[in-house]
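These are the residues of each chain, in order.
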Amino acid sequence: MTCKVQLTVTRCGVFFFAVAVLWPTTLWTFSRAAIGTKIENVEMPTLDGGRHHLLGNAMANVFVFFKPGQEYSDITMKKMALCEKETADKSVHWVGIVSNRIPPAEVESAVKEAGITMPVLIDVDDALYGSLGVKLHPVVGITDQEHNLVNYQHFTKVNFSEVLLARIRHLLKEIDDQKLDKVLHPVVATTGGNGTKARIRLMLAKKFYKTGKYEIALTHLTTCLDDDPKLVAAHTLRGQILAAQGNYSEALEAFQIALELDPDNASAKEEIKACQERIPER
Amino acid sequence: MKESKINANFHGIILSIVFLLAGGLYSCAAPPEENDRTKPASNPVDMQSKAPNTEHGTIFEKSKPEKTEPEPRKKYTQAPLTMATPFIHAAYEADLEDCSLCHENADPRNPGRIPGTSIDLCLECHEEFEEEINRKFKHVSVDKVTCINCHNPHNSENPYLLHESLPDLCLNCHADIEKVTKQAKVKHDAITTEKKCVNCHNPHSSNVEHLLNQLPFDLCIGCHNKDGLKDQQGIEITNFEALLDENPEQHAPVAVKDCSACHTPHGSDNFRLLVTEYPAKFYSGYDPKNYALCFECHDEEIIAEPRTTIHTQFRDADRNLHYLHVNKPTRGRTCRACHEVHAAKQAHIIREAVPYGKRRWMLKLNYTRTETGGSCEKTCHSKRDYDFTRSEPIIWNKLPTSKSTKEGP
């Protein structure tokens, strides 16, 4: 007993440790701007020759550092274009940031290829890279309306857009913590859901019942109830089929089992009453 | 005997995709060539195109398939197989003389079509798939053409009434994956063992891209969590569960559960299934091409520029110490000389020791981190510290040397 408790405690410990260790999202951030840092809203030159602020007055401000020609940056920018479209009618301010080390023609080509419409800011002499401590490409920062850094996300090949959009929606208060958590930690995609053999047999029996093939339906219900004797719907259906065959006494038994398993089963109560009315008094 | 057959069939059904009697293409009882097909349709694609839009059809249209639909090379029959098969669909077997449970006609020689789309019909019994079809990412076959692309709705030689066993069924459409799995120099056992493709992918749908059952790391750790796994050369593969338990500082792709950022799971021509090149040895002459893997995320300037105040804090004043260590024409130290690839106890995933030489001696790095830099000592050189806040770097080579300062390994 003690051993079991210890094992459980150990497992819980391992689980929480694993969760803590494997998702140190706050540890992975800009090396010079931790989550919660107020980001300076600098004005920067843009690719098209104008000037634009890093952040806006939107509820969510998203800025992405990318490097044209780098495969993962190119992949990410295509995904960003889709994210941008998905949030087009929302309070989201998007900008891309590239170093002025990259030739403008190369950036223009990458922007066109990706299909982004957000302004692309030119980081002269990597000043913003340096002030935030950007070490990787591509990386995305998200701030709230007050320009506090609320999230940092670097490249992933899998579920990048899913996670980014969920974080934006969370910031926009469109989804709650629980829904965000579901995206960050998706459950195992099982096959066959939570269905049971009994449920499938029940559904098949229902189909046969509807087509008037009572004997076949009953055969499937027998298999169904062998698998799950407490399946109320199966007992109820069995009662209905037996009643349809005129076998009211057996139907009554079936309905009574259904009622025992589910005392609030109004349908079973009515069926019992109907059966009792039809069973001749002995 | 019959009962056991039914049980076997149901075992298949419970885990398999929603399938059911397809459009009335063929007779229920006779082989296709003997059928009297009054309303023939040559393949499921035809069927789908003629089927009305349904609620499920609408749901599917909302989400895009993962990528361009691959074309199947062979088309499978949806008709009942005439040979004795170990797997029979219960709905078909229940009444071989009456097909009307699913088809518009009862006559096995002329069953006619099915009403609506096959997926709606399948869901009438296989309600357990309702949750699956509402996941974000759907398999093209589910999304576009429905269950009968992969499942024979009547009977089959394969579990789950699959037209073919895995991986052949999957590779019938995914020719690109077939090419990789067959031609890659480095192969991944996950593809050829146990459930094969389904080891990692959900054939119907998932909330993870590429129809993965879980995020990549969670999938990988499912197998790479034990001692004794070996690669094709017989070299033991790391037990990552143990490694990560003991080493809290993780490389970013590991921390965000994305092993696929560096490894390609279907096969690769590169060492350790790496997506691109990376030097496997301790020493390597510097060539950016060799570090293509690292430069997918890291800036080449980390190593290419002798002086920087931006790209790294492993610098003494502005003297880039990554450049100093790595960027050499012959005996440059590769990243792994100082960094663990997956996880370490120290910040910046700096190793405690590095295996060196054929005997894989573990040489201590003796790295110490400070607020503004750090130091290493003894193994490769005598104690040398660095400080990125200094105004001028210390040029160690100009200092008086002793025996212990000789470069090595």
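Residues numbered from 1 in each chain as written. Chains lettered and ligands numbered in written order. Predicted model: local features only at pLDDT ≥ 70, side-chain atom pairs only at ≥ 80, totals over all residues. Heavy atoms only, no water.

J.: Help me understand the overall build of chain A in this model?
T.: Along the backbone of chain A there are eleven helices and seven strands. Within chain A, the fraction of its 282 residues that count as buried is 47%. For chain A, the accessible area works out to roughly 14200 Å², and carbon and sulfur atoms hold 54% of it. (Helix = DSSP H or I, 4+ residues; strand = E, 2+ residues; numbered from the N terminus. Buried < 20%, exposed > 50% of the residue type's maximum accessible area, 1.4 Å probe, protein only. Areas by Shrake-Rupley, 256 points an atom, 1.4 Å probe, with all protein chains shown as cover.)

J.: Would you mind showing me how to read the overall build of chain B here?
T.: In terms of regular secondary structure, chain B is built from 14 helices and 15 strands. Within chain B, the proportion of its 409 residues that are buried is 49%. Nonlocal contacts in chain B, meaning residues at least 24 apart in sequence, comprise 59% of its contacts between residues at least 6 apart. If you sum the accessible surface of chain B, you get close to 20500 Å²; carbon and sulfur atoms cover 54% of it. (Contact = heavy atoms within 4.5 Å.)

J.: Would you mind showing me how to read the state of the cysteines here?
T.: Covalent bonding between the sulfur atoms of two cysteines is what defines a disulfide. All names here are of chain B. Under the defined criterion, the tally for this structure stands at zero disulfides over all chains. Here Cys335 stays free of any disulfide, with the sulfur of Cys294 as its closest cysteine sulfur at 3.9 Å. A residue is classified by how much of its surface remains accessible, and Cys335, at 21% relative accessible area, is partly exposed. (Disulfide = S-S within 2.5 Å.)

J.: Mind showing me how you'd approach the pattern of salt bridges here?
T.: Should their charged atoms come close, side chains of opposite charge can pair. Summed over all chains, the structure comprises 28 salt bridges over all chains. Across the salt bridge formed by Lys207 of chain A and Glu124 of chain B, the nearest N and O atoms sit 2.4 Å from each other. Taken together, the positions of Lys207 of chain A in helix H7 (residues 197-210) and Glu124 of chain B in helix H5 (residues 118-125) put the pair across two chains. On the accessibility criterion, Lys207 of chain A (13% relative accessible area) is buried. Note on Glu124 of chain B: relative accessible area 38%, which makes it partly exposed. Of the charged contacts in the structure, one is a salt bridge between Arg135 of chain B and Glu132 of chain B, with a shortest N-O distance of 3.8 Å. For Glu132 of chain B, a relative accessible area of 0% puts it in the buried group. (Salt bridge = Lys/Arg side-chain N within 4 Å of Asp/Glu carboxyl O.)

J.: Just to check I follow, could you spell out the interface of chain B and chain A for this structure?
T.: Note on interface size: it is often stated as the accessible area lost on association of the parts. With 64 residues of chain B in contact, the opposing surface of chain A contributes 51 residues. Here chain B packs against chain A, burying approximately 5200 Å² in sum over the two surfaces, 57% of which is carbon and sulfur. Counting across the chain B and chain A interface gives ten salt bridges. For Glu301 of chain B, the salt bridge identified is with Arg101 of chain A, shortest N-O distance 2.5 Å. Counting across the interface, chain B meets chain A through 22 residue pairs in polar contact (both at pLDDT 80 or more). (Buried area = accessible area lost by both parts, 1.4 Å probe. Polar contact = N/O pair within 3.5 Å; in protein donor to acceptor, adjacent residues only side chain to side chain.)

J.: Quick question: what am I supposed to make of the environment of His89 of chain B here?
T.: Residues and elements named next belong to chain B. Take His89: it is sitting in the loop between strand E1 (87-88) and helix H4 (90-93). Here the alpha-carbon distance between His89 and Pro153, two residues 64 residues apart in the chain, equals 6.7 Å. Among the polar contacts listed, one links the side chain of His89 to the backbone oxygen of Pro153, at a separation of 2.9 Å.

J.: For this particular structure, what's the right way to read the side chain of Asp299 of chain B?
T.: Following the sequence through the fold, Asp299 of chain B ends up in the loop between strand E6 (283-284) and helix H13 (301-304). A distance of 3.0 Å separates the side chain of Asp299 of chain B from the side chain of Lys67 of chain A, its partner in a polar contact. Excluding anything up to four places from it in sequence, Asp299 of chain B contacts Lys67, Arg101, Lys135 and His137 of chain A together with His311 of chain B.

J.: Hey, could you run me through the packing of aromatic side chains in this one?
T.: Geometry of an aromatic ring pair is reported as the spacing of the ring centres plus the angle between the planes. Going through the model one piece at a time under the given rule, you end up with nine aromatic pairs over all chains. When the centroid spacing of 6.1 Å and the interplanar angle of 80 degrees are considered together, the rings of Phe63 of chain A and Phe65 of chain A count as edge-to-face. Plain terms: the ring middles of Tyr291 of chain B and Phe295 of chain B are 6.3 Å apart, the flat faces sit at 40 degrees to each other, and that makes the pair tilted. When sorted by exposure, Tyr291 of chain B lands in the same class as Phe295 of chain B, which is buried. (Phe/Tyr/Trp six-rings, centres within 6.5 Å; stacked < 30°, edge-to-face > 60°.)

J.: How should the packing of helix H5 (residues 160-171) of chain A against helix H6 (residues 177-184) of chain A be read in this particular structure?
T.: Between two packed helices, the angle of one axis relative to the other and the distance separating the axes together describe the packing. Residue and element names in this part refer to chain A. At a minimum axis separation of 9 Å, H5 and H6 run at an interaxial angle of 170 degrees. As the angle between them shows, H5 and H6 are arranged roughly antiparallel. Counted together, Glu162, Val163, Ala166, Arg167 and His170 of H5 and Asp177, Leu180, Val183 and Leu184 of H6 form the full contact between these two elements. Grouping the amino acids of the contact of H5 with H6 by side-chain chemistry returns five nonpolar, one polar and three charged. (Axes fitted to C-alpha atoms, helices over the stretch in contact; angles between N-to-C directions. Parallel < 35°, antiparallel > 145°, perpendicular 65-115°, else oblique. Nonpolar A, V, L, I, M, F, W, Y, C, P; charged D, E, K, R; others polar.)

J.: How should I be thinking about the nonpolar core in this particular structure?
T.: For soluble globular proteins, the rule of thumb is that nonpolar side chains tend to be buried together. Grouped together as the largest cluster of nonpolar side chains are 36 residues, with contacts concentrated most on Phe30, Leu54, Phe63, Phe65, Ile97 and Leu132 of chain A. Elements represented by at least two residues in this core include exactly strand E3 (60-65), strand E4 (92-99), helix H4 (127-132) and strand E7 (149-154) of chain A together with H13 of chain B. The biggest single contributor to this core is H4 of chain A, with three residues. Discounting chain neighbours no more than four positions away, the residues touching Phe63 of chain A are Phe30, Leu54, Leu55, Val95, Ile97, Leu132, Val139, Val140, Gly141, Ile142, Thr143 and Leu149 of chain A. Within the second largest apolar cluster, 30 residues are counted, among which are Ala198, Leu202, Ile216 and Leu252 of chain A. (Core = buried A, V, L, I, M, F, W, Y, C linked by side-chain atoms within 4.5 Å.)

J.: For this particular structure, what's the right way to read the sheet that holds E7 of chain A?
T.: Sheets are built from strands that pair by backbone hydrogen bonding, the pairs being arranged parallel or antiparallel. Residues and elements named next belong to chain A. Strand order in this open sheet of five strands is E5-E4-E3-E6-E7, and the pairing throughout is mixed. Across the chains shown, the open sheet's two edge strands, defined by having one partner strand only, are strand E5 (120-123) and E7. Each strand axis lies, on average, 20 degrees off the axis of its neighbour in the sheet, ignoring direction. Across six bridges, the pairing between E3 and E4 is parallel. When the bridges of E4 are listed, Val62 appears paired with Trp94. Across the sheet, H5 touches E3, E4, strand E6 (139-143) and E7, and the angle it forms with E7 is around 175 degrees. (Pairing = 2+ DSSP bridges.)

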